[in-house]
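As a plain string of letters, each chain reads:
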Amino acid sequence: MIYQEDTIVALATPTGTGAIGVIRLSGPDAIKIAAGVFSGKDLTKQESHTIHFGNIVDGDSILDEVLVSLFVAPRSYTRENVVEISCHGSAFIIESIIKLLIKKGARSAKAGEFTLRAFLNGQMDLSQAEAVADLIASNSKASQQIALQQLRGGFSTQLQQLRDQLVQFASLIELELDFAEEDVEFANRDQLKKLIYEITRVITALIQSFELGNAIKQGINTVIAGRPNAGKSTLLNALLNEERAIVSHIPGTTRDTIEEVLNIQGINFRLTDTAGIREATGAIEQIGVQRTMEKISQSALLVYVFDAEQITPEELNSDIMKLQKPGVTLLMVANKIDLLTPRQIAVLPAGAIQVSAKQKQHIDELKVKIYAAAIKDQLSGNEILVTNIRHLEALQKTEESLSSVLNGIDTVTSDFLSMDIKQALYYLGEITGAVTTDDLLENIFSKFCIGK
Ligand code: GDP
């Protein structure tokens, strides 16, 4: 345990008025400092994991009636002594209590400092600490689950095991260096190759998971496009089940883009309704059209809506040709099927999902298709997804250094091989926190909120 000398304090609940506010103290003197302002029992004589009712007092004046929870080291979030004071949620009371605690020897916590201490004290590894931040920021079931998975030690456990095996090889190769004249091989090159392949396989899968992981964390960018009057706004409303976008009868009136979030089975889709894609004549529409194409390029998913009653096969073809972009999954939606005869419906393009936005027909089916198009078969519930750009970069660097190990394994001398392996170990360690620098920690924890 890395011993932190000072005791930190911060409000753990959001600022502003609430029913209660929770002030957290952590550090060697947490209990002593709290005891000094608490009237009731002597807190220093109480058991860990107990709650006590009493007043917070500053000399003769009572600041508030509170509940104090005690967590004696190492059985706490930070593994230090932790005290949580639940007071009434007035900004004035909270500020007064925090000021008093600072007067009694505590220091204002920096952003993420509680979690930094938890990390430094071995309570969690770095990727778990980052998961705490993700968990706090999660805004959908899927992003919450990914963060939770990571918090439970998801991929860092797996990487740590592989890293440990690689460390063993590294030390065997180091040993070879000591016996350089005798030309011995302690590290079995075939086994080393096997291990490198195995690590590379895991790393590559993790790198590939980033695209989906990141999309889930941010929400999947989805564009609804189609000619004016195809029913885009109506469809957007039907999907959202609300009257949000402005529905109009005049072609080309939805000129700007509207963004809404649609949640399907726990995944957030960021839906953008765009202006019509018809060859524009007016200047304003032109901008809209150009923005449509830009929006599509930035998206993962394109929902192309057409008026099944009005559109000609030639128009349909030319739209699809124009809209298809590499990397963007295209879903075709034949709208207004309520206006069609069964015979007309029968000749609609086979790949098109048939809906009536206005009558809200087959909207659930469309949602299922949207989900399937975005997620494919990549999400079964237990997989590990990388959502953090820092992890992605470290994984990519690991992958590169592993490939130099492989390239050199049969040709280079032990000392070069040893260097390549060390390089790979370094990047692997950066992910789990086995290797850290002050800059790295500063960078990660400064993004947390104060009090976490
Ligand atoms: P946008 O320009 O693509 O956004 O089209 P709107 O959503 O504004 O719809 C254009 C017109 O088509 C409006 O009068 C809608 O009421 C109508 N409309 C949209 N969807 C349907 C549908 O499924 N069936 C019928 N009959 N009319 C629809």
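Structure shown above.
Cut-offs and rules
Residues numbered from 1 in each chain as written. Predicted model: local features only at pLDDT ≥ 70, side-chain atom pairs only at ≥ 80, totals over all residues. Heavy atoms only, no water. Helix = DSSP H or I, 4+ residues; strand = E, 2+ residues; numbered from the N terminus. Expected span 1.5 Å × (residues − 1). Buried < 20%, exposed > 50% of the residue type's maximum accessible area, 1.4 Å probe, protein only. Axes fitted to C-alpha atoms, helices over the stretch in contact; angles between N-to-C directions. Parallel < 35°, antiparallel > 145°, perpendicular 65-115°, else oblique. Left-handed = near helix turned anticlockwise from the far one by under 90°. Contact = heavy atoms within 4.5 Å. Nonpolar A, V, L, I, M, F, W, Y, C, P; charged D, E, K, R; others polar. Salt bridge = Lys/Arg side-chain N within 4 Å of Asp/Glu carboxyl O. Pairing = 2+ DSSP bridges.

Details of helix α12 (residues 363-375)
Next up, step 1: Taking 1.5 Å of rise per residue, the 13 residues of α12 would be expected to cover 18 Å, and the 18 Å separating its terminal C-alpha atoms lies within 8% of that figure.
Next up, step 2: All of the buried residues along α12 are I363, L366, K367, I370, Y371, A373, A374 and I375.

A short note on the packing of helix α4 (residues 126-137) against helix α5 (residues 141-151)
Next up, step 1: Two elements in contact, α4 and α5, have axes separated by 8 Å at closest approach and are oriented at 155°. Comparing their axes, α5 and α4 come out roughly antiparallel. Between α4 and α5 the crossing geometry is left-handed. The residues of α5 that touch α4, namely those facing S127, Q128, E130, A131, V132, D134 and L135, are Q144, A147, L148, Q150 and L151.
Next up, step 2: Considering only residue class, the contact of α4 with α5 consists of 6 nonpolar, 4 polar and 2 charged.

Describing the packing of helix α13 (residues 389-408) against helix α14 (residues 414-432)
Next up, step 1: The contact between α13 and α14 brings their axes to 8 Å, and the two run at 165°. One finds that α13 runs roughly antiparallel with respect to α14. Considering the relative orientation of α13 and α14, their crossing is left-handed. Within the contact between the two elements, α13 uses R390, H391, A394, L395, K397, T398, S401, L402, S404, V405 and G408 and α14 uses L417, D420, I421, Q423, A424, Y427, L428, E430 and I431.
Next up, step 2: Class assignment for the residues of the contact of α13 with α14 results in 10 nonpolar, 6 polar and 4 charged.

Notes on the pattern of salt bridges
Next up, step 1: Within the structure shown, the criterion is met by 17 salt bridges.
Next up, step 2: Across the pair R24 and E84 runs a salt bridge whose closest N-O atoms are separated by 3.5 Å. Here the residue R24 occupies a position in strand β2 (residues 20-26), and E84 occupies one in strand β6 (residues 82-88), the gap between them amounting to 60 residues.
Next up, step 3: Look at E84 and you get partly exposed, because its relative accessible area is 21%.
Next up, step 4: In this structure, E174 engages K422 in a salt bridge whose closest nitrogen and oxygen atoms are separated by 3.1 Å. With E174 in helix α6 (residues 154-178) and K422 in helix α14, the pair connects residues that are 248 residues apart, well separated along the chain.
Next up, step 5: By relative accessible area, which is 30% here, E174 ends up partly exposed.
Next up, step 6: Classification of K422 by relative accessible area gives partly exposed; the value is 46%.
Next up, step 7: Residues joined in a network through salt bridges with shared partners are D6, E80, R107, E113 and R117.

Considerations on the sheet that holds strand β1 (residues 8-11)
Next up, step 1: Spatially, β3-β4-β5-β6-β2-β1-β7 is the arrangement adopted by the 7 strands of the open sheet, whose pairing is mixed. Of all strands in the sheet, those with a lone pairing partner are β3 (38-39) and β7 (107-108), marking the two edges.
Next up, step 2: In the sheet, β1 pairs with β2 via 4 bridges, with the strands oriented antiparallel. Across the sheet, the residue bridging to L11 is I23, located in β2.

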